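Geometric and topological summary
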Amino acid sequence: MAEHIASRYERMFDWLALERVPRVGPLTMARLFEAFGGPRSALNADADEIRRRTGLSERLARSIADFDPPEEEIRKDLELIDKLGVRVITRWDADYPAMLQEIYDPPALLFVRGEITPKDSRAVAVVGTRNPSRYGFEMAERISAELARAGVTIVSGLARGIDAACHSAAIKAGGRTIGVLGCGIDVLYPRENKSLMEEMVSSGAVITEFRPGIAPLATNFYRRNRIVSGLAKGTVVVEATTKSGSLITARHALDQNREVFAVPGNAMNLRSRGPHHLIKQGAALAESAEDILEALFPTGKLQVEPLLFEHQDEELQLSETARRVLERIDPDPVPIDILVESLDMEAGKLAGVLLELELKGLIRQHPGKMFALASR
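Notes on the structure in this doc start here. Not measured: the values here are computed from a predicted model.

**Overview of the nonpolar core**
Grouped together as the largest cluster of nonpolar side chains are 41 residues, with contacts concentrated most on Leu32, Ile50, Ile64 and Phe111. The biggest single contributor to this core is helix 1 (residues 2-19), with six residues. Apart from the residues within four sequence positions on either side, leucine 32 is in contact with Leu18, Gly37, Ala42, Ile50, Thr54, Leu56 and Ile64. The next biggest cluster of nonpolar side chains, apart from the first, holds 28 residues, and it includes Tyr96, Leu100, Val127 and Val228.

**Quick notes on helix 19 (residues 347-359)**
Compared with the 18 Å implied by 1.5 Å per residue over 13 residues, the 18 Å span of helix 19 between its first and last C-alpha is a close match. Buried residues of helix 19: Leu350, Val353, Leu354 and Leu357, and no others. Down the axis of helix 19, the buried set is contained in an arc of 100°. They therefore lie on one face. Next to the buried residues of helix 19 lie helix 17 (320-327), helix 18 (336-343), strand 11 (363-366) and strand 12 (370-373). For helix 19, the N-terminal capping position is held by glutamate 346, with its side-chain oxygen 3.0 Å away from the main-chain nitrogen of glycine 348. One or two residues past the end of helix 19 sits glycine 361, with phi positive at roughly 80°.

**Side note on the sheet that holds strand 10 (residues 334-335)**
Spatially, the three strands line up as an open sheet ordered 10-12-11, and their pairing is antiparallel. A strand with exactly one partner marks an edge of an open sheet, and here the two such strands are strand 10 and strand 11. As defined by bridge partners, strand 11 adjoins strand 12 across four bridges and the pair is classed as antiparallel. Bridging across to strand 12, arginine 364 finds its partner in alanine 372. Relative to the sheet, helix 8 (residues 134-149) contacts strand 11 and strand 12, its axis offset from that of strand 11 by approximately 160°.

About the thresholds
- Residues numbered from 1 in each chain as written.
- Predicted model: local features only at pLDDT ≥ 70, side-chain atom pairs only at ≥ 80, totals over all residues.
- Heavy atoms only, no water.
- Core = buried A, V, L, I, M, F, W, Y, C linked by side-chain atoms within 4.5 Å.
- Buried < 20%, exposed > 50% of the residue type's maximum accessible area, 1.4 Å probe, protein only.
- Helix = DSSP H or I, 4+ residues; strand = E, 2+ residues; numbered from the N terminus.
- Contact = heavy atoms within 4.5 Å.
- Expected span 1.5 Å × (residues − 1).
- Arc of directions from axis to C-beta.
- Polar contact = N/O pair within 3.5 Å; in protein donor to acceptor, adjacent residues only side chain to side chain.
- Pairing = 2+ DSSP bridges.
- Axes fitted to C-alpha atoms, helices over the stretch in contact; angles between N-to-C directions.

Laid out in structure tokens, this is it:
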């Protein structure tokens, strides 16, 4: 057992050393692995042998052969990995995600908190703006929750806004979710997602291809996005401008021969331009999780569970008056004055019914005494 642990430690040390060589990325690491069978043999080879066996340039081969690994720095990374309970999965390990293995440039290393399971091959990525409208937020929640209840793993980038809403909705629905970081596994970004990340470790995984300590640099998110789409059978864009990173994720999905879906929105909202652009380019229009399930899982084995308040009013013990009020409330917020007029009900009595429906989780109150159906 001790020998096995020592061997594993040395193997991880070698991978983290090779990953640090300047200008050595996932594709070069793959060529070195195929030629030498492991990182240590590649690091121990001279430049001529590296060139001969891999076809790499003389400059890059010399850089690999002359590289002196920063031992103390790497050992600190390994200690941190052990402390955080992180697993390091290489592209050549049996438990590497099958969907990710299929893309052009899969990460050579994945740092994982939580667990990736075979069930996660049934995954859909849901992405969008960091500053969503109420409509975008609720559509992201609704679609993610419905997909999660149907047994689909929700993948996103753990950013503010739409990403966080998707992860949270999947967890609340009792499903699985995977978040992909654009920084080291030990770097908390954004900080407000700390509690969400801890929940995700128990309901899926938080992963990254970046070693510990790597900051959330802008260039990292482009690389992160190919993993988000690569883990999933399809990518759904909820709200995004035409310059949003979400459209980059959609382009990665197309390059990876995966499906792209777009949720339509208000034509006067700048956040709708990204999804509408995708629809014009041929992306599938998605109004609900059912649209996505029918396209990606046509056998019908995965289905959206019926919503409790749509089909089981009796179990909620709603009064006749409460049901009548609920029928007049839409997904878009409605002012209480309009409800008073349309229902011909005294304002005080209506306020009591609205409170009852809100406590049951059927509606939400918005600023300005406006009410809308809750996203379920």
